[in-house]
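Next come the chains, spelled out residue by residue.
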Amino acid sequence: MRLTPENTSRFVQAGPVKIHYHEAGEGPVLLCIHGGAPGAFGWSNFGRNLEALSQNFRTLIVDLPGYGKSDKPAIDGVRTGAYAQCFKDMLAALNIEKAHILGMATGGSVAIKMALESPGIVDKLVLINCPGGLSLFQQKSTPATHSYYQGEGPSMERMRASMERLVFDKRCITDEMVRERYEASIAPEFMDQAPEGKGGKPGENLEVLWPELHRIEAQTLIIWGRDNPTLNYDNSLFMLNRIKNSRVHIHSQCGLLVPIEKPEEFNLEVTGFLNLK
């Protein structure tokens, strides 16, 4: 049976927050946490990888609180800890004692926080183009999504421009992807609660984690796109130096959205790493 957003859709009460997620497969649990951006949700980042990943893992692709079909609670200030607590509550509600945690961009920061605060529930860690390191060479840049709701406001054209800036090969951004992200970005509840796209300082809603990376015990795979315009790949080398049991895969001719730009390679490297004893 072909996996679709509809036939894999699930909900679970995670503490005070109802979380929407997609589930497929059996075996060790793999929790996938998407990045934060206007209109972002779990399926948009990882839905195209679910078929391959679910052949080896019980794969759960979540919508962050405030995104997709998950509840949209008011979260003041730094969000990393609140997100991490929500997914710990989710695993507990599903009677899952331990899981591999995979996170991209904002989701990677949440994965780091879970590994630091609750090492007992984290098996292996996969971090994709995420805040948490330091760059020696890159000046802080403002993401294209930063002012998405300002000026003339949301549009299909602005959504396409912001998504195309995140990839090396713009041909991988399809009309369908732009439309689903644009429609999600103009949902009233999302516009009210999501932090991205409304100005402010980039990253101000995320916790500074680099001083704590040395405390991570989980085996860690760090995946980066060399042509990521937001976070330079030397962030991954900083993480490699700080996380004791880690390795790095840097993709050339690839931006932030590695699971979308390099799906076959991504699926193979994640599966191979998680299956290593």
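A few points on the structure. (Residues numbered from 1 in each chain as written. Predicted model: local features only at pLDDT ≥ 70, side-chain atom pairs only at ≥ 80, totals over all residues. Heavy atoms only, no water.)

## Describing the side chain of Thr80
Along the chain, Thr80 falls in helix H3 (residues 80–93). Separated by 2.8 Å, the side chain of Thr80 and the backbone nitrogen of Glu207 make a polar contact. Contact partners of Thr80, with chain neighbours within four places excluded, come to Ser109, Val110, Lys113, Asn205, Leu206, Glu207 and Leu209. (Helix = DSSP H or I, 4+ residues; strand = E, 2+ residues; numbered from the N terminus. Polar contact = N/O pair within 3.5 Å; in protein donor to acceptor, adjacent residues only side chain to side chain. Contact = heavy atoms within 4.5 Å.)

## Points about the pairing of strand E5 (residues 99–104)
Counting buried positions over the 6 residues of E5 gives 6, a clear majority of the element. Across the two faces of E5 the burial is the same, with Ala99, Ile101 and Gly103 and His100, Leu102 and Met104 all buried. Direction of pairing for strand E3 (residues 29–33) relative to E5: parallel, over a ladder of 4 bridges. Residue pairing across strands places Leu31 opposite Ile101, the latter belonging to E5. Here E5 pairs with strand E6 (residues 122–128) via 5 bridges, running parallel. Counted as the bridge partner of Met104 is Ile128 from E6. Handedness of the crossover joining E5 and E6 through helix H4 (residues 106–117): right-handed. (Buried < 20%, exposed > 50% of the residue type's maximum accessible area, 1.4 Å probe, protein only. Pairing = 2+ DSSP bridges. Right-handed = clockwise from strand over helix to strand, strands pointing away.)

## Examining the packing of H3 against H4
Running from amino to carboxyl end, H3 crosses H4 at an angle of 70 degrees, the nearest separation of the two axes being 9 Å. Viewed along their axes, H3 and H4 adopt a mutual orientation that is roughly perpendicular. Taken as a pair, H3 and H4 cross one another with a handedness that is right-handed. Where H3 abuts H4, its residues Thr80, Gly81, Tyr83, Ala84, Phe87, Lys88 and Leu91 lie against Thr106, Ser109, Val110, Lys113, Met114 and Glu117. For the contact of H3 with H4, the class distribution of residues is 6 nonpolar, 4 polar and 3 charged. (Axes fitted to C-alpha atoms, helices over the stretch in contact; angles between N-to-C directions. Parallel < 35°, antiparallel > 145°, perpendicular 65-115°, else oblique. Left-handed = near helix turned anticlockwise from the far one by under 90°. Nonpolar A, V, L, I, M, F, W, Y, C, P; charged D, E, K, R; others polar.)

## Observations regarding the nonpolar core
Judged by nonpolar contacts, the single largest core of 84 residues is most densely connected at Phe87, Met90 and Met114. Leave out the neighbours within four places in its chain, and Met114 touches Leu31, Ile33, Ala84, Phe87, Lys88, Leu91, Ile101, Pro119, Ile121 and Val122. (Core = buried A, V, L, I, M, F, W, Y, C linked by side-chain atoms within 4.5 Å.)

## Description of the packing of helix H5 (residues 156–164) against helix H6 (residues 175–185)
In the contact formed by H5 and H6, the axes pass within 9 Å of each other and the chain directions differ by 115 degrees. Here H5 lies roughly perpendicular to H6, going by the angle between them. Between H5 and H6 lies a crossing of right-handed hand. Each of Met156, Met159, Arg160 and Met163 in H5 lies in contact with H6, whose residues at this interface are Asp175, Met177, Val178, Arg179, Arg181, Tyr182 and Ser185.

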